[in-house]
Amino acid sequence: LELVIRATLMATAFFAVIVVVFLAATTLPEDLETRTIYTLLTKPVGRLNYLVGRVLGFAAVAAVLLVVMGLVSVGFIRATAWKARRELGGKPLLHARRHALARSIVLRERPDGPDRPVPVHERTGKMMLSGDWSRTMVFTFRGKDLAKRHGKDVTIDFNVEVWTAAELPKCRTSVVAVNLRTGQSREVRTVLDSRRLSQVTFGPEVADPVKGMELRLRRLRGGALLLDDDDVSLVIRPVPFEFAYAKALMMTFFALVVLIIIAVTCSTFVSKWLAVVIAFLAYLLGVFSQTFSDISSKLGSGTGPQGLLGTDFFAPTGPQVDAERTALIHFLNRFYALLLEGLRRAVPDFGHFEAGSFLVSGFDVPARVWGGAFLWAAVYALLY
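Residues numbered from 1 in each chain as written. Predicted model: local features only at pLDDT ≥ 70, side-chain atom pairs only at ≥ 80, totals over all residues. Heavy atoms only, no water.

J.: Explain the pattern of salt bridges residue by residue, including any values.
T.: A pair can form between side chains of opposite charge whenever their charged atoms are brought close. On inspection of all chains with the given rule, the structure shows 16 salt bridges. A salt bridge links Glu 242 to Arg 78, with the shortest nitrogen-to-oxygen separation between them at 2.7 Å. Of this pair, Glu 242 sits in helix H5 (residues 241-267) while Arg 78 sits in helix H3 (residues 47-87); the two residues are 164 residues apart in sequence, bridging distant segments of the chain. Arg 142 serves as the salt-bridge partner of Asp 145, at 3.2 Å between the closest nitrogen and oxygen. On the basis of relative accessible area, Asp 145 is assigned to the buried category, the value being 4%. Look at Arg 142 and you get partly exposed, because its relative accessible area is 34%. One salt-bridge network, held together by shared partners, links Arg 108, Asp 115, Glu 214 and Arg 216. (Salt bridge = Lys/Arg side-chain N within 4 Å of Asp/Glu carboxyl O. Helix = DSSP H or I, 4+ residues; strand = E, 2+ residues; numbered from the N terminus. Buried < 20%, exposed > 50% of the residue type's maximum accessible area, 1.4 Å probe, protein only.)

J.: Would you mind going over the packing of aromatic side chains in detail, with residue names and values included?
T.: One pass over the full model with this rule turns up eight aromatic pairs. An angle of 65° between the planes, with centres 5.6 Å apart, marks the rings of Phe 254 and Phe 374 as edge-to-face. One end of the pair, Phe 254, is in helix H5; the other, Phe 374, is in helix H10 (residues 367-383), and 120 residues separate them in sequence. (Phe/Tyr/Trp six-rings, centres within 6.5 Å; stacked < 30°, edge-to-face > 60°.)

J.: Account for the pairing of strand S11 (residues 224-227), naming residues and giving values.
T.: Of the two faces of S11, the one lined by Ala 224 and Leu 226 and the one lined by Leu 225 and Leu 227 are each fully buried. Examined bridge by bridge, strand S6 (residues 161-163) and S11 share three bridges and lie antiparallel to one another. Counted as the bridge partner of Val 162 is Leu 225 from S11. (Pairing = 2+ DSSP bridges.)

So yeah, pure geometry; function would need other evidence.
Shown next, in the form of structure tokens:
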């Protein structure tokens, strides 16, 4: 089911990109070829009005296309979920839950020890829980978020990454919830798995609507836990899956508007087919923007493998090279880093408009995510 959700989102976005790029990049040159534009601009219609009108028209086409494809996709996802639900004995499979994040995350060397900053894994940049078994990661949730539970059980979602030498990436943990007003606590022992969302549920006695709740996470066996600040979250309430899917499509619409503006802008000074190519390249480069950023950071740091095109790039433990070759390789590394960084900054980062990871994990798309996507779309639209 997770694969179906991700595949439908990708297929919808890709098909919509093809349609709007060809429309936006070819219409203006065709108006020039047929001399239609000269008739339009002799009327009280300015050039900016003409371009904005084209953008709004193509955006309307993109919106209709996304609505139609979204309805088909949701129907297909629902049918797949219904079939899988029958095979699994009636267990609901489609989830979309609203969450609240922890107000603070700290590390304690001992359960009663002082609070310290959580160490960060060097390669992934994620917070890490490893080392001595007494080390505890502590999450503090606000009382006003717990008040929304209205006396119901408290559920915490875990979407962590487990590093272990074992074949299966799992880690046995102890999760303790503490009422910050009464001190009452409950412990649940569970197994966290890298490959799926895990849940832990406590009774309502651990939630205080004023002081809040403290969640203590400790490893019991094997492995290290890696997580971002939004990988451990409090479930507030479920929402219909269709509502969350509509938000994901809305973020895709923001990306399409940006792409339409790029295609229309390019079509004003190059041929229609070159405008199509530029728009597609902008989309592809924007999709891999984070990858370019990671590579350029590695090359520019001077500590990474030597030579993007050299023999030692994929084999950092290979034989040493002489001083002249080393200097040349470092120069090429800096050049490639600047080139990749320039490409990354020249095109929009379409990662800002991706919400598939939330739906696949059973989360609703948070307001901060789709609101941020709207702001990024507005910035890119003004720039282009």
